[in-house]
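Survey of secondary and tertiary structure
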Amino acid sequence: MRKIDLESIPYREELHEINKVFNVKKVTKNTRTLAEREIHHNKIVGSLEEAEQRAGLKNGMTISFHHHFRNGDYVVNMVVDKLAEMGYRDLVLAASSLTDCHAPLIKHIENGVIRRIETSGLRGKLAEAISHGLMDVPVVFRSHGGRAGAIEKGELPIDVAFLGAPSCDPYGNANGYIRDTAEGIMCGSMGYAKSDATYADKVIIITNHIVHYPNTPFAIPESDVDYIVKVDEIGDPAGIMTGATRYTTNPKELLMAELASKVIFASGRFQDGFSFQTGTGGASLAVTRFLKDKMLEKGIKASFALGGITGSIVELHEQGLIKRILDVQSFDLRAAQSLRDNRFHHQISAGYYASPYSEGTAVNQLDVVVLSALEVDTSFNVNVLTGNDGIIRGAIGGHPDTSFGASVSIVIVPLTRGRIPCVVKQVNTVVTPGKTVDVVVTDHGIAVNPLRKVLRQRMIDNGLPVYTIEELQKKAEQLVGVPDPVQYTDKVVGVVTYRDGSVIDLIYQVKD
Amino acid sequence: MELKKVGVSGTLESSDVMITLEPGNGGIEIELSSTVEKQFGNAIRREILATLESMGVNNARVTAVDKGALDCVIRARVKTAVCRAAEVEYNWGGDGQ
């Protein structure tokens, strides 16, 4: 080989990092077979403890988790138990969401392992304890899009992401299903984990199932992954998802679903190539059924369906009524299987789904979204986070993101739940600002945001039961009376942020 | 109206209230548990008291287990329990006893 004099290269100072000569002795070729390499040369470490140490985790750092295992998740508790045992303190736990099964975190908050929490939502005993003042530092609530945006912008820097994955190859290509066997854990899309994997400083995949390389198509690419830990169990399949989400048989929910579908038909958006998302909640899911009948009747096809995906959306896709599915989170087994098997059922990250900082973000391409709510007020503000007793019992999810992005956002809410009024003068907690909410559908009629004059006229022209939101609120009050206001202390326990990270409301400690 | 024995009405179903009435120790005593205690506890107590008063009952122990019943339901359940506890026939045709 030619003898090389680096000094002879003109303008070398401008050629970045051109400062060493090739040394053939540094090249050692690995002639092992793929099978041997998978065993001897990989990213798998012996234990969770080892992965945590090698990732350089220190007190006060931010650790992140996804919530694709929903109420069947073992990963959060397993990791935090281990961190407590190793003596870590003052950690920031940034999960895409937390739920009932995370009640064991209470003791780790009490003993100082967890100093603060970032999440989309809280439920169960942990939520109750926090509402009663468990934590010194308030919980920061972010929408799915808001969280993705904060991670992208560095406002929520993640030091170490602990991402549970139903399958992973020895180099870190991870998936929410196992392609080769019908057994094992299945969560479908890993959309929320994808954003964490891209931006976290260190990424640890926790899996119960190592598969052969290459585990493609992957949810998380090996290039994002630093370490892999194999454990016996990562979740309880029964808590992760059920076979297929059934349509509700509750007549009140069906009534509202049918009314919401009529709103869609009358909205002017129901035309060939339209796009939509139907959120969770019995009535909102059932809208899909009414959509299907009308699409067949009119020969209309949707260009795409977005969001949390259920079997009912998959059914329409497989019948050719929905061309593409963009799936950030699979809600049932049917959806997860379709993600695995259908070419145009595509897995997207939280950022792709709803980041506020990209014009092309998927929620901005929605014609119609159908959402549910705990409460709506006469300014059309929506609460999906705190119950009528002031206690945290829900999650922001993609509510403000889709409501903002869709050209028509429809919120389904019963006028009352038992004796609790759901259309009120002022919601307990504002999560989605009324300015972005277009139609409220109740079992006693609909109200259209006065900002949407054309839309309102279309509803009237189509003979829908249109009232003012004040009329609906009064109707609720006549039925159930006026509840005594919830009693709070002056201690802030939760900070509710809007998509851009600005503070839209505060949650206070409830008085006992 | 004077209560003679224990009278029960209502169920533990959602949106119902179960009222148990028995002769009291002079005056009205209400023991309430409700799923909407924080928001409607006072309203429920007021409704029970007003209904008892309208029927001339002034000596009773009331146990109310409420699952979010509306005022009209509370009134109906209290009236029925009073009739059963006082061993009087309720006149379904009118708005009387």
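Check the entry above for the structure.
Now for a description of the structure that goes with this document. (Residues numbered from 1 in each chain as written. Chains lettered and ligands numbered in written order. Predicted model: local features only at pLDDT ≥ 70, side-chain atom pairs only at ≥ 80, totals over all residues. Heavy atoms only, no water.)

**Things to note about the interface of chain A and chain B**
When the parts of a complex come together, some accessible area is lost, and that lost area is often taken as the interface size. As a reminder, the rule being used: Contacts: residue pairs with any heavy atoms within 4.5 Å of one another. When two components associate, each loses some accessible surface as probed by a 1.4 Å sphere; the sum of these losses over both components is called the buried area. The salt bridge criterion pairs a side-chain nitrogen of Lys or Arg with a carboxyl oxygen of Asp or Glu, the two atoms within 4 Å. Polar contacts, as counted here, are pairs of nitrogen or oxygen atoms within 3.5 Å of one another; within protein the pair requires one atom able to donate a hydrogen and one able to accept it, and residues that are adjacent in sequence qualify only if both atoms are side-chain atoms. Only DSSP runs of H or I covering at least 4 residues are called helices, and only runs of E covering at least 2 are called strands; the numbering of each starts at the N terminus. Residues are grouped as follows: Ala, Val, Leu, Ile, Met, Phe, Trp, Tyr, Cys and Pro are nonpolar; Asp, Glu, Lys and Arg are charged; all remaining types, including Gly, are polar.
Between chain A and chain B, the residue contacts involve 13 residues of the former and 13 residues of the latter. A buried area of about 1100 Å², summed over both sides, lies between chain A and chain B, and 52% of it is on carbon and sulfur atoms. Of all residues in chain A, Arg 419, Ile 420 and Asp 484 of chain A bury the most surface against chain B, accounting for 56% of the area lost on that side. Where chain A meets chain B, there are one salt bridge. The closest approach of N and O atoms between Asp 71 of chain B and Arg 419 of chain A, which form a salt bridge, is 2.9 Å. In this assembly, chain A and chain B are joined by five residue pairs in polar contact (both at pLDDT 80 or more). Breaking the side of chain A that touches chain B down by element, the ones donating at least two residues are β22 (420-421) and α16 (469-480) of chain A. Residue composition of the side of chain A that touches chain B, grouped by class: six nonpolar, three polar and four charged.

**Some remarks on the side chain of Thr 51 of chain B**
All names here are of chain B. Note the cut-off: Exposure is judged per residue with a 1.4 Å probe applied to protein chains only, and the accessible area is read against the type maximum: over 50% gives exposed, under 20% gives buried, and values in between give partly exposed.
Along the chain, Thr 51 turns up in helix α1 (residues 37-54). The exposure class of Thr 51 is buried, given its relative accessible area of 3%. Setting aside anything within four residues of it in sequence, one finds Thr 51 in contact with Arg 75, Val 78 and Lys 79.

**Examining the environment of Val 73 of chain B**
All names here are of chain B. Summarising the element assignment, Val 73 is placed in helix α2 (residues 71-86). Relative accessible area serves as the criterion here: at 23%, Val 73 is assigned to the partly exposed category. Taking C-alpha positions, Val 73 is 21 Å from Leu 3, a pair spaced 70 residues apart along the chain. Among all residues touching Val 73, those that are not within four sequence positions of it are Ser 15, Asp 16 and Val 17.

**Observations concerning the packing of helix α11 (residues 311-318) of chain A against helix α12 (residues 333-341) of chain A**
Residue and element names in this part refer to chain A. Counted only if it meets this: Only C-alpha atoms enter the line fits that serve as axes; for helices the fit covers just the stretch in contact. Angles between N-to-C directions range over 0 to 180 degrees. When describing relative orientation, an angle under 35 degrees is termed roughly parallel and one over 145 degrees roughly antiparallel, while 65 to 115 degrees is termed roughly perpendicular and anything else oblique.
Axis separation between α11 and α12 bottoms out at 7 Å; the angle between their running directions is 45°. Between α11 and α12, the angle is such that the two are oblique. Where α11 approaches α12, its residues Gly 311, Val 314 and Glu 318 are matched on the opposing element by Arg 334, Ala 335 and Ser 338.

**Observations regarding the sheet that holds strand β3 (residues 27-34) of chain B**
All names here are of chain B. Quick reminder of the rule: Should DSSP find at least two bridges between two strands, the strands are taken to pair.
The four strands are arranged β1-β2-β4-β3 in an open sheet whose pairing can be described as mixed. Strand pairing shows two members of the sheet lacking a second neighbour, β1 (7-9) and β3, which therefore form its edges. Taking each pair of neighbouring strands and ignoring which way they run, the sheet shows an average axis angle of 10°. Where β3 and strand β4 (residues 59-66) come together, eight bridges link them in parallel fashion. When the sheet's bridge partners are listed, Ile 30 is paired in β4 with Val 62. Taken strand by strand, α1 contacts β2 (17-23), β3 and β4, and its axis lies near 145° from that of β3.

**Here's the deal with the pattern of salt bridges**
The full count for this structure, using the stated rule, is 21 salt bridges over all chains. Of the charged contacts, one joins Arg 499 of chain A and Asp 401 of chain A as a salt bridge, the two residues approaching to 2.8 Å between their closest N and O atoms. Residue Arg 499 of chain A is located in the loop between β27 (488-497) and β28 (503-510), and its partner Asp 401 of chain A is located in helix α14 (residues 399-405); the two are separated by 98 residues in the primary sequence. Of the two residues, Arg 499 of chain A and Asp 401 of chain A, neither departs from the other in class, the shared state being buried. Residue Arg 61 of chain B is joined to Glu 29 of chain B by a salt bridge in which the shortest nitrogen-to-oxygen separation is 3.2 Å.

**A look at the pairing of strand β2 (residues 62-65) of chain A**
In regular strands, side chains alternate between the two faces of the sheet. Residue and element names in this part refer to chain A. Where we set the bar: By convention a crossover is right-handed if, when the strands point away from the viewer, the path from the first strand over the helix to the second runs clockwise.
In β2, alternate side chains face the same way, and those of Thr 62 and Ser 64 on one face and Ile 63 and Phe 65 on the other are all buried. Alignment of β2 against strand β3 (residues 91-95), held across four bridges, turns out to be parallel. Counted as the bridge partner of Phe 65 is Ala 95 from β3. On the question of chirality, the crossover connecting β2 to the parallel β3 by way of helix α3 (residues 75-85) is right-handed.

**A short note on the nonpolar core**
Residue and element names in this part refer to chain A. For the record, the criterion: Only buried Ala, Val, Leu, Ile, Met, Phe, Trp, Tyr and Cys residues count toward a nonpolar core, and they belong to the same one when joined by side-chain atoms within 4.5 Å.
With 108 residues, the main nonpolar core has Phe 65, Leu 93, Ile 205 and Ile 220 as its most contacted residues. With residues near it in sequence (within four places) discarded, Leu 93 still touches Ile 63, Phe 65, Val 76, Val 80, Leu 98, Leu 105, Ile 114, Arg 116, Ile 117 and Glu 118. Counting residues in each nonpolar core, the second largest holds 41 residues, with Ala 257, Ile 264, Leu 291 and Met 295 among its members.

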